[in-house]
Amino acid sequence: MASTAPVRELPPPAKGLPVIGRSLEYARDPMALFRKQWAAYGPVSPMSLLGKDRWVMLLGPDACEVALRNADKAWANGPAWTYLVGPFFGRGLMFLDFDEHHLHRRIMQQAFTRDRLENYTAAMHPAITAGLATWTPAAGFRAYWALKQLTLDIATDTFMGGADHTSREEMDRVNRSFIACVQAAAAIVRYDVPFTRWRRGLKGRRHLEEFLTGYLPSRRAEATDDLFSVLCHIESEDGDRFTDEDVVNHMVFLMMAAHDTSTITLSTMMQLLGQHPEWQQRCREEAQALADRVGTTPGLADLESLTSIDLVMKESLRLRAPVPVILRQAVKDTVVLGTRIPAGTYATVGLQYSHLLPEYWTDPEAFDPERFSPERREDRSHRYAWAPFGGGVHKCLGMFFAGAEVTALMFHLLLDFEWSVDPAYVAPINNHSLPFPKDGQPVDLRRR
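Just so it is clear, the model here is predicted, and its values are computed rather than measured. (Residues numbered from 1 in each chain as written. Predicted model: local features only at pLDDT ≥ 70, side-chain atom pairs only at ≥ 80, totals over all residues. Heavy atoms only, no water.)

Before going further, it helps to examine the overall build of the protein. Within the protein, the secondary structure is distributed over 16 helices and 13 strands. Compactness check: the protein gives a C-alpha radius of gyration of 22 Å against a globular reference of 22 Å for 448 residues, within 12% of the reference. A principal-axis box enclosing the C-alpha atoms of the protein has dimensions of 65 × 50 × 50 Å. When burial is assessed residue by residue, the protein has 57% of its 448 residues classed as buried. Of the contacts made within the protein by residues no fewer than 6 positions apart, 73% connect residues no fewer than 24 positions apart. Of the roughly 18900 Å² of accessible surface on the protein, 54% is carried by carbon and sulfur atoms. Of the charged side chains in the protein, 49 are positive and 55 negative, and the gap between their average positions amounts to 6 Å. (Helix = DSSP H or I, 4+ residues; strand = E, 2+ residues; numbered from the N terminus. Rg over C-alpha atoms; globule rule 2.2 N^0.38 Å. Buried < 20%, exposed > 50% of the residue type's maximum accessible area, 1.4 Å probe, protein only. Contact = heavy atoms within 4.5 Å. Areas by Shrake-Rupley, 256 points an atom, 1.4 Å probe, with all protein chains shown as cover. Lys, Arg positive; Asp, Glu negative; His and termini not counted. Charge placed at Lys NZ, Arg CZ, Asp CG, Glu CD.)

Another point: the sheet that holds strand 13 (residues 442–447). Taken in spatial order, the 3 strands of this open sheet run 5-13-10, and their pairing is antiparallel. For this open sheet the edge positions go to strand 5 (141–142) and strand 10 (417–420), each flanked by a neighbour on one side alone. In this structure, strand 5 lies alongside strand 13, joined through 2 bridges in antiparallel fashion. Paired with Phe-141 across the bridge in strand 13 is Val-443. The sheet strands contacting helix 11 (residues 244–275) are strand 10 and strand 13, and the helix crosses strand 10 at an angle near 75°. (Pairing = 2+ DSSP bridges. Axes fitted to C-alpha atoms, helices over the stretch in contact; angles between N-to-C directions.)

The next thing to look at is the sheet that holds strand 7 (residues 334–336). In spatial order, the strands read 1-8-7; together these 3 strands make up an open sheet with mixed pairing. Every interior strand has two partners, whereas the edge strands, strand 1 (8–9) and strand 7, have only one.

With that settled, consider the domain arrangement of the protein. By domain assignment, the protein separates into domain 1 (1–71 + 324–387) and domain 2 (85–317 + 397–447). Each of domain 1 and domain 2 has a C-alpha centre, and these two points are 27 Å apart. Contacts between the two partners involve 19 residues from domain 1, matched on the other side by 17 residues from domain 2. Summing both partners gives a buried area of about 1600 Å² for domain 1 against domain 2, and 70% of it is carried by carbon and sulfur. Of all residues in domain 1, Phe-367, Pro-369 and Phe-372 bury the most surface against domain 2, accounting for 37% of the area lost on that side. Note that Glu-370 is salt-bridged to Arg-282, the shortest N-O span being 2.9 Å. At the boundary of domain 1 with domain 2, the tally comes to 5 residue pairs in polar contact (both at pLDDT 80 or more). (Domains from an automatic or database assignment. Buried area = accessible area lost by both parts, 1.4 Å probe. Salt bridge = Lys/Arg side-chain N within 4 Å of Asp/Glu carboxyl O. Polar contact = N/O pair within 3.5 Å; in protein donor to acceptor, adjacent residues only side chain to side chain.)

Let us look at the packing of helix 6 (residues 114–133) against helix 7 (residues 143–160). The geometry of helix 6 relative to helix 7 is characterised by a closest axis approach of 9 Å and an angle of 140° between their N-to-C directions. Read as a crossing pair, helix 6 and helix 7 show a hand that is right-handed. In this structure, helix 6 contributes Tyr-120, Ala-123, Met-124, Ala-127, Ile-128, Gly-131 and Leu-132 to the contact, and helix 7 contributes Leu-150, Asp-153, Ile-154, Asp-157 and Thr-158. By residue class, the composition of the contact of helix 6 with helix 7 is 8 nonpolar, 2 polar and 2 charged. (Left-handed = near helix turned anticlockwise from the far one by under 90°. Nonpolar A, V, L, I, M, F, W, Y, C, P; charged D, E, K, R; others polar.)

Moving on to helix 12 (residues 277–294). Here helix 12 spans 25 Å end to end across 18 residues, near enough to the 26 Å set by a 1.5 Å rise per residue. Packed against the buried residues of helix 12 are helix 11, helix 13 (300–304), helix 14 (307–319), helix 16 (399–416) and strand 10. Just downstream of helix 12, Gly-295 is the residue with a positive phi angle, here 95°. (Expected span 1.5 Å × (residues − 1).)

The next subject is unusual backbone geometry. With a phi angle near 50°, Lys-73 is a residue other than glycine that sits in the positive phi range. Topologically, Lys-73 is positioned in the loop between helix 3 (60–69) and strand 4 (75–76). Not every positive phi belongs to a glycine, and Asp-363 is a case in point at roughly 45°. Structurally, Asp-363 is set in the loop between helix 15 (351–354) and helix 16.

Right, let's get into a positive patch on the surface. The grouping of Arg-173, Arg-176, Lys-203 and Arg-206 at the surface amounts to a positive patch. Along the chain, Arg-176 falls in helix 8 (residues 168–183). A relative accessible area of 53% means that Arg-176 is categorised as exposed. (Patch = residues over 30% accessible without salt bridge, like charges linked within 9 Å, V, L, I, M, F, W, Y side chains within 5 Å.)

In the structure shown here, the tally under the stated rule is 24 salt bridges. For the salt bridge of Arg-377 with Asp-379, the shortest nitrogen-to-oxygen distance reads 2.7 Å. The class of Asp-379 is buried, set by a relative accessible area of 12%. Within the structure, one salt-bridge network assembled from shared partners comprises Glu-315, Arg-318, Asp-368, Arg-371, Arg-376 and Glu-378.

Right, let's get into the side chain of Arg-22. Looking at the element boundaries, Arg-22 is found in the loop between strand 1 and helix 1 (23–28). With a relative accessible area of 5%, Arg-22 lands in the buried category. Excluding residues within four positions of it along the chain, Arg-22 makes contact with Ala-14, Gly-16, Leu-33, Lys-36, Gln-37, Met-47, Ser-48 and Leu-49.

Most often, soluble globular proteins keep nonpolar side chains buried together rather than apart. Grouped together as the largest cluster of nonpolar side chains are 140 residues, with contacts concentrated most on Phe-89, Trp-135, Leu-231, Met-410, Leu-413 and Trp-419. With sequence-adjacent residues up to four places away left out, Trp-419 is seen in contact with Met-270, Leu-273, Gly-274, Gln-280, Arg-284, Met-410, Leu-413, Leu-414, Val-443, Asp-444, Leu-445 and Arg-446. (Core = buried A, V, L, I, M, F, W, Y, C linked by side-chain atoms within 4.5 Å.)

What follows covers helix 9 (residues 197–221). Helical geometry: 3.6 residues make up each α-helical turn, so side chains three or four residues apart lie on a common side. Spanning 25 residues, helix 9 covers 37 Å between terminal C-alpha atoms, matching the ideal 36 Å at 1.5 Å per step. Along helix 9, the largest kink reaches about 35° and is centred on Tyr-215; proline Pro-217 follows within four residues of it. Residues of helix 9 that are buried include every one of Trp-198, Gly-201, Leu-202, Gly-204, Arg-205, His-207, Leu-208, Phe-211, Leu-212, Tyr-215, Leu-216 and Arg-219, and no others. Turning to helix 9, the residues buried within the fold contact helix 4 (78–89), helix 7, helix 8, helix 10 (227–233) and helix 11. (Bend = angle between axes of the 7 residues up to and from the residue.)

This is how it looks when you write it as structure tokens:
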């Protein structure tokens, strides 16, 4: 029986600043803005952001579920993400929709099979141990930036087979190019104008394309275990394959996702373990027991046995989701929880807000990894109460790779180092694009 509940119209948004709307409010404190919107409007609220008045914010797991499941195919990824960062990551899997997305995802799934993940995991260990050997322990060690360089090295080794021993100077330039592309999302001037974030992002994208295109012929010529080569050679069960342009577009996006989001998660874990030494010791004892049993290059199944590290990782993803919001655009008129959303409306789907709602989480602001234990499983309070990897057909295809990468790196960190963080420390987060600690995440680091 069709619902007879009345459908309300979306009210006009609260006025923000000219051109940028309420973007600065989000950058200052996303959760404060979410709470203000929730208190004023509930789960479906009007918003003005980045020069667009036709914007809606979806908050809470029920509203997020409607957009993520997308049962009526009213929501598209491409138009929304293209507006935000299209010139820098366009044509990555996240930007594709419907039949085209389905085709590319079917091909790319072949790059993330269990056997492939085993190979990628084996390739991570040398990069991790080499990177950690260069760390100089100190009070106030800036963990975020050290981790960012290390995760880029891991991505290079795993995805590109070491990129034929590319120089450190070139990899530093690649890292700066990724940072420029990500930071361009917050650009106010969204044109190719000198001295702007947008211009720096465009230059970064051109450099990344040149960097990857230079390696493309060798990867096409020989099938190896690195992801770049895999993308050049995999095909769907129907024989569909990626073009050279597809491979480069997917590599730019995957390398960004693999090292940017993992860096945020690892940085958060280091902070929380530094502030909760009992959990750091529990995780270290677990890592040491595994090392005593299988050595210091554990395989994928071995890493999956590190349950305490897994609990801490999940809790870190809850407290500071690397991607706190995702974007959609309504491609036709639709209804979300009784509110009519006109075609053309952009949507901010506030995943992070669901992670901190007391209706679904006990003492949601507290660090409590046991909430994910088999006895409690608070993440099952709602299918979308915890959704750091999104959901529906666009759920992150690399989530298991990310889990292996974070666990492998934390395994080595715990064996090689001890660290502490002031319990009163609160990370000053830059929220202009993906969240990261503006102070570089200082920890007092000691080699064991």
